[in-house]
Structures are given as structure tokens and as C-alpha cells.
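Below, each chain spelled out in residue letters.
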Amino acid sequence: MRLRASGDRHETRQQYLPVLWTQLVRKLENEGTQSVDEVIDLMDSYFLTKDDWDAILELGLGPMDMASVKIETQAKAAFTRL
């Protein structure tokens with residue numbers, strides 16, 4: 001498996017981040033603590049770290065803006081612990 005993405009920073013932000021944001025952030029926001037294991041498994045499969053999670057949150061635009069994300073406190077705590 002390759003640990004690199006093909007494309008420049010613009011393609012990464014326009015193509016990769018929306019998909020990852022939906023599968024990670026939106027899932028955790030909608031499903032709460034029930035989805036923590038799935039989110040962690042997906043991150044592990046792409047070798048993503050907590051720093052990558054933070055970057056995905058920070059780089060969101062429009063409806064994916066970090067200010068509009070409302071994740072339950074319990075889900076955040078469980079995610080951080082794991």
C-alpha cells in the first residue's frame with residue numbers, strides 16, 4: 001500500500017478531504033459514541049493520526065467548517081481515549 005496521495009495541495013483539499021470529512025467527522029457527529037470504533041478503524045486503515053484528524057477539522061470549508069461541527073462530549077472523550 002502506498003502512503004502517499006497523488007495530487008497537489010488543491011486536489012487534496014478538493015478531492016480527498018471532503019470524503020474523509022464525511023466518513024470521519026460527520027459519522028462521529030451523527031452517530032456519536034457508537035461510531036468511535038468504526039472511525040478509529042478507518043483512520044488506522046489510512047494511517048491517520050489525531051493530528052491528521054485535527055487538520056481535517058481545520059481545513060473544512062462551508063458546511064464542513066470546524067465551527068459548525070457539534071460532536072457530543074462523550075463521543076469526543078471516547079475518541080480521544082482510543
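Before going into details, it helps to say that this report is about the structure given with it. On a predicted model such as this, the values are computed, not experimentally measured, just so you know. (Residues numbered from 1 in each chain as written. Predicted model: local features only at pLDDT ≥ 70, side-chain atom pairs only at ≥ 80, totals over all residues. Heavy atoms only, no water.)

Within the secondary structure, S35 sits in the loop between α1 (9-31) and α2 (36-45). Of the polar contacts made by the side chain of S35, one reaches the backbone oxygen of K27; its length is 3.3 Å. Look past the residues within four positions of S35 in its chain and what remains in contact with it is K27 and L28. (Helix = DSSP H or I, 4+ residues; strand = E, 2+ residues; numbered from the N terminus. Polar contact = N/O pair within 3.5 Å; in protein donor to acceptor, adjacent residues only side chain to side chain. Contact = heavy atoms within 4.5 Å.)

Here we come to the nonpolar core. Ranked by size, the top nonpolar core spans 19 residues in total, and within it L24, V25, L28, W53 and F79 carry the most contacts. The set of elements that each furnish at least two residues to this core consists of α1, α2, α3 (50-58) and α4 (73-81). Among residues more than four places away in sequence, those in contact with L24 are V39, L42, M43, L48, W53 and I56. (Core = buried A, V, L, I, M, F, W, Y, C linked by side-chain atoms within 4.5 Å. Buried < 20%, exposed > 50% of the residue type's maximum accessible area, 1.4 Å probe, protein only.)

At L17, α1 is bent by approximately 40°, the largest bend along its length, and proline P18 sits one to four residues beyond. The complete set of buried residues in α1 reads L17, L20, W21, L24, V25, L28 and E29. In this structure, the buried side of α1 is in contact with α2, α3 and α4. Phi turns positive one or two residues past the end of α1, at G32, with a value near 65°. (Bend = angle between axes of the 7 residues up to and from the residue.)

This next bit is on the packing of aromatic side chains. Applying the stated rule across the entire model yields one aromatic pair. Arranged with centres 4.5 Å apart and planes meeting at 40°, the rings of W53 and F79 form a pair that is tilted. With W53 in helix α3 and F79 in helix α4, this pair connects stretches of sequence that are 26 residues apart. (Phe/Tyr/Trp six-rings, centres within 6.5 Å; stacked < 30°, edge-to-face > 60°.)

Take α4 next. Here α4 has its buried residues at A75, A78 and F79. Angularly, the buried residues of α4 cover 100° about the axis, an arc narrow enough to put them on a single face. Seen from the buried face of α4, the exposed residues on the opposite side, beyond 90 degrees, are T73, T80 and R81. (Arc of directions from axis to C-beta.)

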